[in-house]
Amino acid sequence: MVLAQNAPNRPDTDAMPDVNELLAAIRADDLDAVERLLAAYPELAKARDEKGMTPVIQARYWFKLAALDRLLAVRGDDLDIFEASMAGRTDQVRAHIARDPKLARAWSPDGFTALHYPAFFGGLDVAEALLDAGPDIEAESRNEMGARPLHSAVAGRQLDVSRLLVERGADVNARQLGSYVPLLEAAQHGDAELVELLLGAGADRGVRLDDGRTAADLARESGHADPGHQVGGFDRTLTPSRPGQLRSK
């Protein structure tokens with residue numbers, strides 16, 4: 001969809017509101033306000049806030065999926081590579097890379113590569129398209145998290161993308177903020193399948209945080225350990241827990 005220059009519901013004299021008004025409506029789950037603002041000012045759907053973030057990116061970070069659907073309908077094919085990677089738009093990702101292969105190694109305004117997004121939010125086809133373009137599979141996010149794509153995939157509980165990254169050579173023992181490695185994150189979330197994947201790929205089962213806690217300690221603290229049914233120190237029937245966010249706010 002092409003963004004209209006003269007939207008039908010736009011006031012004749014009012015200037016376009018600040019994008020933060022739309023972002024506030026998205027965050028508050030005020031879909032009526034989202035619809036009203038986009039109907040009057042469709043350009044808001046691609047505006048950027050003071051940190052360079054678009055409503056599409058923020059809606060996805062905040063898991064405001066109804067608002068995200070409306071934004072994507074307005075934006076159509078007019079997504080940058082980071083938005084397309086978040087939204088699972090494989091064809092658009094491939095088109096961006098075909099026009100400029102360097103985008104596979106580009107950085108988003110908040111310090112992630114495009115590969116970090118399907119890693120965390122899911123999107124095996126997008127992840128494959130990006131990996132085929134030759135990104136840095138060990139790229140550490142340029143923010144306080146220091147997360148590599150595999151860290152993001154484990155944090156997002158994305159088993160298929162985690163497996164793909166491991167198959168493509170991702171370091172299963174790489175550390176990020178707080179000395180977390182993927183195995184420690186998987187254990188803390190109680191994700192037995194990810195734990196088995198990582199151990200099978202050579203993850204160090206004796207790894208510890210800076211404070212000395214092990215993967216088994218983190219599993220127990222999160223209520224996931226069952227000493228009677230262990231897989232390398234973890235229960236096969238662990239109850240899933242909600243992962244932490246990809247980035248801190």
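For the structure itself, consult the block above.
Student: Would you mind going over the overall build of the protein with me for this structure?
Tutor: Broken down by element type, the protein carries 13 helices and zero strands. The N-to-C order of helical and strand elements in the protein reads α-α-α-α-α-α-α-α-α-α-α-α-α. Every one of the 249 residues in the protein was classed for burial, and the buried ones make up 53%. Looking at the protein alone, contacts between residues at least 24 apart form 68% of all its contacts between residues at least 6 apart. Working note: accessible area of the protein is about 11,500 Å², and carbon and sulfur atoms make up 47% of it.

Student: Looking at this structure, how should I read the packing of helix α1 (residues 19-27) against helix α2 (residues 31-40)?
Tutor: Viewed as axis vectors pointing N to C, α1 and α2 meet at an angle of 150 degrees, and their least axial separation amounts to 8 Å. Taken together, α1 and α2 sit at an angle that is classed as roughly antiparallel. Of the two elements, α1 crosses α2, and the hand of that crossing is left-handed. Of α2, the residues touching α1 (which contributes Glu21, Leu22, Ala25 and Ile26) are Ala33, Val34, Leu37 and Leu38. Across the contact of α1 with α2, the residue classes break down as seven nonpolar, no polar and one charged.

Student: What exactly am I supposed to notice about the packing of aromatic side chains here?
Tutor: Working definition: an aromatic ring pair is given by the centre-to-centre distance plus the angle between the planes. Under the definition given, this model contains six aromatic pairs. Site record: aromatic cluster; members linked through ring pairs are Tyr61, Phe63, Phe82, Phe112, Tyr117, Phe120 and Phe121.

Student: Explain the nonpolar core to me, please; I cannot follow it from the model alone.
Tutor: It is characteristic of soluble globular proteins that their nonpolar side chains tend to be buried jointly. Grouped together as the largest cluster of nonpolar side chains are 74 residues, with contacts concentrated most on Ile26, Tyr61, Leu165 and Leu183. Not counting residues up to four positions away in its chain, the partners in contact with isoleucine 26 are Val34, Pro55, Ala59, Trp62, Lys64, Ala67 and Leu71.

Student: Where do I start with the pattern of salt bridges in this structure?
Tutor: Two side chains carrying opposite charge are able to pair once their charged atoms lie near each other. On inspection of all chains with the given rule, the structure shows 14 salt bridges. Between arginine 48 and aspartate 80 there is a salt bridge; the shortest N-O distance is 2.9 Å. Of the two residues, arginine 48 is situated in the loop between α2 and α3 (55-61) and aspartate 80 in the loop between α4 (65-75) and α5 (81-87); the sequence distance between them amounts to 32 residues. The class of aspartate 80 is buried, set by a relative accessible area of 18%. As a salt-bridge pair, arginine 163 and aspartate 160 come within 3.4 Å of each other at their nearest N and O atoms. Separated by three residues within a single helix, arginine 163 and aspartate 160 lie in helix α10 (residues 159-167), roughly one turn from each other. The class of arginine 163 is partly exposed, set by a relative accessible area of 33%.

Student: For this particular structure, what's the right way to read the environment of histidine 189?
Tutor: Here histidine 189 lies in helix α11 (residues 182-189). Considered as a pair, histidine 189 and serine 222 are 33 residues apart in the sequence and their alpha carbons are 7.4 Å apart.

Student: What should I look at first to understand the side chain of threonine 214 in this one?
Tutor: For threonine 214, the position within the fold is in the loop between α12 (192-200) and α13 (215-221). Beyond its immediate chain neighbours, meaning those up to four positions away, threonine 214 contacts Leu184, Val207 and Arg208.

Student: Quick question: what am I supposed to make of the environment of aspartate 171 here?
Tutor: Mapped onto the secondary structure, aspartate 171 falls in the loop between α10 and α11. The partly exposed category is assigned to aspartate 171, whose relative accessible area is 34%. Distance from aspartate 171 to alanine 201, taken between C-alpha atoms, is 9.2 Å for residues 30 residues apart in sequence. Among all residues touching aspartate 171, those that are not within four sequence positions of it are Glu138, Arg148 and Leu150.

Student: Just to check I follow, could you spell out unusual backbone geometry for this structure?
Tutor: Generally, phi is negative for residues other than glycine and the peptide bonds are trans, each holding for most cases. The phi angle at phenylalanine 63 is positive, at roughly 55 degrees, despite the residue not being glycine. Secondary-structure assignment places phenylalanine 63 in the loop between α3 and α4. Taking the relative accessible area as the measure of exposure, phenylalanine 63 reaches 35% and is therefore partly exposed. Located in the positive-phi region is arginine 157, a residue other than glycine, with phi close to 60 degrees. Within the element layout of this structure, arginine 157 appears in the loop between α9 (149-155) and α10.

Student: Sorry if this is basic, but what is going on with the side chain of arginine 60 here?
Tutor: Along the polypeptide, arginine 60 turns up in helix α3. Here arginine 60 occupies a buried position and makes no salt bridge, while the nearest side chain of opposite charge, aspartate 69, is found at 8.5 Å.

Here is what the cut-offs are and how they apply
Residues numbered from 1 in each chain as written. Predicted model: local features only at pLDDT ≥ 70, side-chain atom pairs only at ≥ 80, totals over all residues. Heavy atoms only, no water. Helix = DSSP H or I, 4+ residues; strand = E, 2+ residues; numbered from the N terminus. Buried < 20%, exposed > 50% of the residue type's maximum accessible area, 1.4 Å probe, protein only. Contact = heavy atoms within 4.5 Å. Areas by Shrake-Rupley, 256 points an atom, 1.4 Å probe, with all protein chains shown as cover. Axes fitted to C-alpha atoms, helices over the stretch in contact; angles between N-to-C directions. Parallel < 35°, antiparallel > 145°, perpendicular 65-115°, else oblique. Left-handed = near helix turned anticlockwise from the far one by under 90°. Nonpolar A, V, L, I, M, F, W, Y, C, P; charged D, E, K, R; others polar. Phe/Tyr/Trp six-rings, centres within 6.5 Å; stacked < 30°, edge-to-face > 60°. Core = buried A, V, L, I, M, F, W, Y, C linked by side-chain atoms within 4.5 Å. Salt bridge = Lys/Arg side-chain N within 4 Å of Asp/Glu carboxyl O. Lys, Arg positive; Asp, Glu negative; His and termini not counted.

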